[in-house]
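Spelled out, the chains give:
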Amino acid sequence: MDFNDAPQEAEFRAVVRAWLNENATEYRDPPPEGMKLPEFIARSKAWQAKKHAAGYTGITWPKMFGGQGLTPMHSIIYGQEESRWHVPQGLYSIGLGMCIPTVFTHGNPEVVQRYVPKALLGEEVWCQLFSEPAAGSDLAGIRTKAVREGDEWVIDGQKVWTSFAHASDFGIVVCRTDPNMPKHKGLTMFIVNMKAPGVTVKGIKQMSGGSDFNEVFFDGVRVNDSHRLGAVGDGWKVALTTLMHERLAVGGKPRYAPGYETLMKLAKGVEAPDGSPAIGASDVRQKIAQTYINDQGIKLTQMRALSALSKGQVPGPEQSISKVVVAKTMQDLASFALDLSGGDGFVAGADADPELAKLQGSYIGSAGLRIAGGTDEILRNIIAERVLGLPGDMRPDKDTPFNQSVPA
Amino acid sequence: MDFNDAPQEAEFRAVVRAWLNENATEYRDPPPEGMKLPEFIARSKAWQAKKHAAGYTGITWPKMFGGQGLTPMHSIIYGQEESRWHVPQGLYSIGLGMCIPTVFTHGNPEVVQRYVPKALLGEEVWCQLFSEPAAGSDLAGIRTKAVREGDEWVIDGQKVWTSFAHASDFGIVVCRTDPNMPKHKGLTMFIVNMKAPGVTVKGIKQMSGGSDFNEVFFDGVRVNDSHRLGAVGDGWKVALTTLMHERLAVGGKPRYAPGYETLMKLAKGVEAPDGSPAIGASDVRQKIAQTYINDQGIKLTQMRALSALSKGQVPGPEQSISKVVVAKTMQDLASFALDLSGGDGFVAGADADPELAKLQGSYIGSAGLRIAGGTDEILRNIIAERVLGLPGDMRPDKDTPFNQSVPA
Amino acid sequence: MNFDFSDEAKELGEQARKLLAEKAGTGPARKAMAADAAAMDAALWKEIAELGWTAARVPEAHGGLGLTVEEVAQLAEAAGGSLAHVPLVSTLLATEALVLAGTEAQQAKWLPGIASGEIIACVAWSEPGAVSPATVKTVSSGSALTGVKQPVADLAVAHVAIVAAAGADGPQLYIVDLKGAQTAAVETVDLVRRHGKLTLDNTPAEALGNAGDYQDWLDRAAVILAYEAIGTAGAAMAMTVDYAKTRVAFGQKIGRYQAVKHKCADMYIKLELARAHALHGLAMIGTNGAELRQVAAAARVASLDALAYCAEENVQLHGGIGFTWESDCQFYYRRNRALVAALGPRGWWADRLVRALEQRNSAAA
Amino acid sequence: MNFDFSDEAKELGEQARKLLAEKAGTGPARKAMAADAAAMDAALWKEIAELGWTAARVPEAHGGLGLTVEEVAQLAEAAGGSLAHVPLVSTLLATEALVLAGTEAQQAKWLPGIASGEIIACVAWSEPGAVSPATVKTVSSGSALTGVKQPVADLAVAHVAIVAAAGADGPQLYIVDLKGAQTAAVETVDLVRRHGKLTLDNTPAEALGNAGDYQDWLDRAAVILAYEAIGTAGAAMAMTVDYAKTRVAFGQKIGRYQAVKHKCADMYIKLELARAHALHGLAMIGTNGAELRQVAAAARVASLDALAYCAEENVQLHGGIGFTWESDCQFYYRRNRALVAALGPRGWWADRLVRALEQRNSAAA
């Protein structure tokens, strides 16, 4: 048992590393703080084009769609190596991770031809338009409607929690096309041009003060039927294939989030109730141990999954525990550490100690992380139902026509 | 604000105390261990007769049923004073606390006349026959059936968790009299003679080794219609009035259960990881504090309820939190304290330290306490629904005829 | 047995909740959050003073109403529940110190102004590097203090500060007239309530009682702040419960799901435990009960537990919308941190509780 | 990356689970619980020995199979899951000590008999008044020990005990031949596995390695026992999940209720965290990894957490029936206490984890 690369993995890693050493030099240091969106987009496009030319885009995609036809392990190794550099990240993760696979799986040949290459090259940015104000955890509760008019569909409604909508050229959008069918059955998926008339994007400010998401309003937006993905009424099935990719992406502890080391360091400098350094207090030590167990346990669980991938097997269900453990551990750690710091843990902004400011960010950010990509509650349902085989919750509206459903 | 008796309460307490000082002298010390049932019954009957003669039975009952017509506060004060002595307890608590009030509320005059006085005097012992193997938390799932034959009903089925069934002369039993009605609507309540042919009582041994409950089997047991309590089909409503009394009874920490003081004492004698006495370890101190907060908090919450009673008001809903807090606190404390004691916390029976043996009893007993009289889960439902007004769980079988109900 | 608020206290609480439901709450809190907003709602403060809330605890001899700590608790809970943008709790805490430990002259100097609302008072125990009220680095020369106090709630609008600093027998309280004092605003996690930094550089100060009085004041402050926390936690719980009754997912109100329902029940359980201990604290203050030290600590710990849980799970049960800037969830989530900082953390108070139990045990032995 | 059991280890685990599902489990455990039952299932032990499980870890030179600790872990998990009434884990723990620290002569003396199953071995570190493996009051005169060891699992059937006692550089291990040793049965909370008291009164003993070896053995024992706990916890979880799929209340299977469902999910989460650390422990043992100290402690703590939670909530989710003597819930509930006692409590191991992190940090600095 070991954590080493298999020989062919080591070889690929060496090639990637050499290429990055050659080509990523300008990303040695973190980018300047407060970069504006246009510059971020320009930098992202430049890097994506470079990667594309070198054959590091679409690593796991079939070659017929411009991919490299390699294994998930190759993709992970590339990602691990790239993450050692401060290359621009995020702009394409949803488009290439979720949208375009849906496009090439369900789109007609012309559409695939038109959109996939430009997306892979980074010339066009994509977003995913699924969630709505009344359809969050219950994604099939979508109300945005698409009505057919000849060769076109007319979309009206509102989407929410859309990352990079403001930077996107296109999106995939799930709409209700038949409200007389039960909720999961009357949905259809489309490609929509985010610059089309009637599309309005509005940033959502979060509790943290940041704005990572948008609301998107559709007001009579027209889409040609050729831009439909999958059959009319099959939108739920199509969306599920998209979401499968999300579950894999949402997982470990955010890269810079404080962990047990933060608490160890902090506890050396503050006092326990008896006046001695808090690092000697057993409640502090128990918290350090529990945080180590949770965070490190998730890392190791991910390594179990990687080992399965490395052997060409399908990973077990164990990685489904990642986010629910990581997010709550972050919140508990931040809360405990800020408590421990008294008034200093409360003073913020320019007046704050940088470590404590990070913990404050973590305390607030973790409240969002416990929700984004599936709430703690939904994830526990998923573990219990999909992993342990327990029956689902009662779903009184499952078989009712959507427009006749009365909430219980 | 104070914890003192109001003047008329103090007066009553003084009278009670004087009477007990006079009459309870033989109960100054705990009874010998391992007393057999017949002796316990004999002692209980003797004490009940003495109380009855002095006017301390049925304290809150209407005078027309032989009660004293006093307030709940009087009853509580009597109970507080009595609990300072080791008088026999338990044999009548369900009969007089739950069964007989149901009898005199719903029985016909002859039945009341026949049963209530003897019960109050302690001559006849009563038990309550509601729960069944498939009807625990979901009490309305009762399958024991009663079929009418002329003036009689014939009962067949099985009850479970019946305290003192083996010592009882009579019981109140809920039966399904119409399986074609929805589950809550086809039930009827009867008085049953526990010595009647066809009644079999079998003790249930618990995980703790003790045997506080019984199974009761009914095999063609005949009951005259005059012994029906309430209308045919009203058994659920009648049972609810009985259960209202239970909710009030199930509550605080068991009298001899270990609490924070136990942990304080224990932690002086064992070592923390650094070799110093564990009482100085902050995780131990946090556990002491949390246990104090929970146990003492419940005591104080009960005092809030008593204060309302004392003013002639209806207590608020806050006492509904009692059992769910107390039982889990007991389990957590016992687990923590046994952990802290290493191997000594595991050695049991004759080889164990008496304090640790008590904690072992508490660790095992608390697992039962978290279930008896409403599981933690049911009690949280009750708090959320009755106190906070949240809607109930989905109940797919609520309106289905009982005999056509298919579990979801 | 009479373990309950007096009818008078309940009535004042009713009045306070009613007024603050109208004049305070999350709407005004949102306005107060703006960077250029005033450091307090002066109009509301005026109304509060006119209603006699600041006079409640001030003895009649000094122009007050001479009411009990029960009334103070009712006001603190109402303030906490409404997030009222006024220095009410700060002033009540300072008043309690003056009532407890002030000389006749000190009371005569400060209390009439407090009663009338003209004088706003704050309390300043916290220091950079201090994690609890036990740690005080500010030094006293007898008649002047030197040190830094931060974060101090409502410092910007206060006229007088009750300051903890080293004394002959350990930390104790002092009175510092803020006229001309060196103060600055400090940013905090709570964007509504304003906090400041008080730099004492041989600043004139008068001792307020002794080291024992400081400890006694901490007990009383813990009980009063427990009520503020209970108020805030209760408001967060109410917000959650309301949402759970109306929000629909998967065809049913989310309040039907046990995961949601049981968290609401746990909020209620934690709140009732906090209420029990806080009320016990009031009873002990009212009767000079010997158990106050342990009871106050229990109230502090239980109320912080209730607040943290209600504030955190309120966001959680709202889902995505609860994490937006537009949602009111953030007010309770942020205030949670303010009330931890207001008198030191859970861990220190839990330890103080156990110390009190140990002392009682050894006294009994 | 190859962070997984070897195929060989998996195969042995498969074999073990299959045999023990047939020959052990709660039915035999219930028979073993009777006061007059034998202290082990001798027929099963014979079969186990014939299958080479006791030989797995013994070097080929001493008549064993020379397999790795991965096989040991698989066997421990299978034993834990089946509650098998045999001294398998005790013997595996003792074997690990002999393999780790035994001289050639010591290995030659004991390991062949262990490999063949003729010699049963137990480990005796626990003492009255000791809360952790750090506390050892038993003294050594060089060639003999004096002290009391209790509770010792499987003492009644063992031929040799690996005993912790004071050495020159702190506690260390010794080998005590139990022929003629003064032993007695002690009652424990676990009614299935038998424990005993070993009274050492100048009893001949041979040092087994040094103080450092004792610490290293503790790490390995923690990892092996983590697998036993994972096995037991997994069985309790499986019992809960099975029940939740079939038991009906209020017209639906109780597994549909989120209160039930989420507790099952939490069982799974805790188990997977324990599995991750325990597997890490195996990897560190296999590669002599420097991080073993912290990893073993993490595995111990995480596995105890998983076991306590699964055992306790298994009773809870069964409701009344789960608290009866007839229910199998009690086996896991009681075994939980046995496995805490088997190597010292959560708190001590959590502290050891942090000490290891601190040492790594200061070494890195």
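Not measured: the values here are computed from a predicted model.

## Describing the pairing of strand β7 (residues 213-224) of chain A
Move 1: As paired strands, strand β3 (residues 152-163) of chain A and β7 of chain A are joined by eleven bridges and run antiparallel to one another. Among the inter-strand pairings, W153 of chain A is bridged to a residue of β7 of chain A, identified as V223 of chain A.

## Quick word on the environment of I269 of chain D
Move 1: Along the chain, I269 of chain D falls in helix α8 (residues 258-286).
Move 2: Residues I269 of chain D and G251 of chain D, spaced 18 residues apart in sequence, show a C-alpha to C-alpha distance of 28 Å.

## A few points about the packing of helix α5 (residues 88-101) of chain C against helix α6 (residues 104-116) of chain C
The axes of two packed helices give the description: the angle between them and the distance between them.
Residues and elements named next belong to chain C.
Move 1: At a minimum axis separation of 10 Å, α5 and α6 run at an interaxial angle of 150 degrees. Accordingly, the angle class assigned to the pair α5 and α6 is roughly antiparallel. Seen from above, α5 lies across α6 with left-handed handedness. On α6, the residues touching T91, T95, L98, V99 and A101 of α5 are Q106, Q107, W110, L111 and I114.
Move 2: Split by residue class, the contact of α5 with α6 holds six nonpolar, four polar and no charged.

## Describing the nonpolar core
Move 1: Formed by 408 residues in total, the largest nonpolar core has its most connected members in W217 and Y227 of chain C together with W217 and Y227 of chain D.
Move 2: Ignoring any residue separated from it by four or fewer positions in sequence, one finds W217 of chain D in contact with L93, E96, A97, L100, V123, L173 and L343 of chain D.
Move 3: Of all hydrophobic cores here, the second largest spans 37 residues; its members include M98, I100, L139 and V174 of chain A.

## Re the domain arrangement of chain A
Residues and elements named next belong to chain A.
Move 1: Partitioning chain A into structural domains gives domain 1 (7-89), domain 2 (126-246) and domain 3 (250-373).
Move 2: Relative placement of domain 1 and domain 3: their C-alpha centres are 28 Å apart.
Move 3: For the pair domain 1 and domain 3, the two sides together bury roughly 530 Å², of which 56% comes from carbon and sulfur.
Move 4: Of all residues in domain 1, M73, I76 and S83 bury the most surface against domain 3, accounting for 51% of the area lost on that side.
Move 5: Across the contact surface, domain 1 and domain 3 share two residue pairs in polar contact (both at pLDDT 80 or more).

## Some words on the sheet that holds strand β5 (residues 170-177) of chain D
Residue and element names in this part refer to chain D.
Move 1: What the four strands build is an open sheet, ordered β1-β4-β5-β8; its pairing is mixed. Looking along the sheet, the strands with just one partner apiece sit at the ends: β1 (121-124) and β8 (206-208). On average, adjacent strands in this sheet sit at an angle of 35 degrees to one another, irrespective of strand direction.
Move 2: Of the strand pairs in this sheet, β1 and strand β4 (residues 160-167) are connected by four bridges, and their pairing is parallel. Bridge pairing in β4 links V123 to I162.
Move 3: Contacting β1, β4, β5 and β8, helix α5 (residues 88-101) runs over the sheet at an angle of about 80 degrees to β1.

Reading guide: rules and limits
Residue positions are given per chain, counting from 1 as you read along its sequence in written order. All chains are assigned letters beginning at A, and all ligands numbers beginning at 1, according to the order in which they are written. Predicted model: local features are reported for residues with pLDDT of at least 70 only, side-chain atom pairs are reported and counted for 80 or more only, and whole-chain, interface and lining totals are derived from all residues. Only hydrogens and water are set aside when side-chain values are computed; all heavy atoms of the structure are taken into account. For two strands to be treated as a pair, DSSP must find at least two bridges joining them. Here a helix means four or more residues in a row that DSSP labels H or I, a strand means two or more in a row labelled E, and each is numbered from the N terminus. Axes here mean lines fitted to C-alpha atoms, for a helix over just the part in contact, with angles spanning 0 to 180 degrees between N-to-C directions. Oblique is the label for every angle not falling under 35 degrees (roughly parallel), over 145 degrees (roughly antiparallel), or within 65 to 115 degrees (roughly perpendicular). In a left-handed crossing the near helix is turned counterclockwise from the far helix by less than a right angle, and in a right-handed crossing that turn is clockwise. Contacts: residue pairs with any heavy atoms within 4.5 Å of one another. Three classes are used: nonpolar for Ala, Val, Leu, Ile, Met, Phe, Trp, Tyr, Cys and Pro, charged for Asp, Glu, Lys and Arg, and polar for all others, with Gly counted as polar. Definition used in this section: a nonpolar core is a set of buried Ala, Val, Leu, Ile, Met, Phe, Trp, Tyr and Cys residues joined via side-chain atoms within 4.5 Å. Relative accessibility under 20% of the residue-type maximum defines a buried residue, over 50% an exposed one, and the middle range a partly exposed one, all with a 1.4 Å probe and only protein chains included. Residue ranges assigned to the domains are those given by an automatic or database domain assignment. Once two parts are joined, some of their accessible surface, as seen by a 1.4 Å probe, is lost; buried area is that loss totalled over both. Polar contacts, as used here, are pairs of N or O atoms within 3.5 Å; protein pairs need one atom able to donate a hydrogen and one able to accept it. Residues neighboring in sequence count only if both atoms are side-chain atoms.

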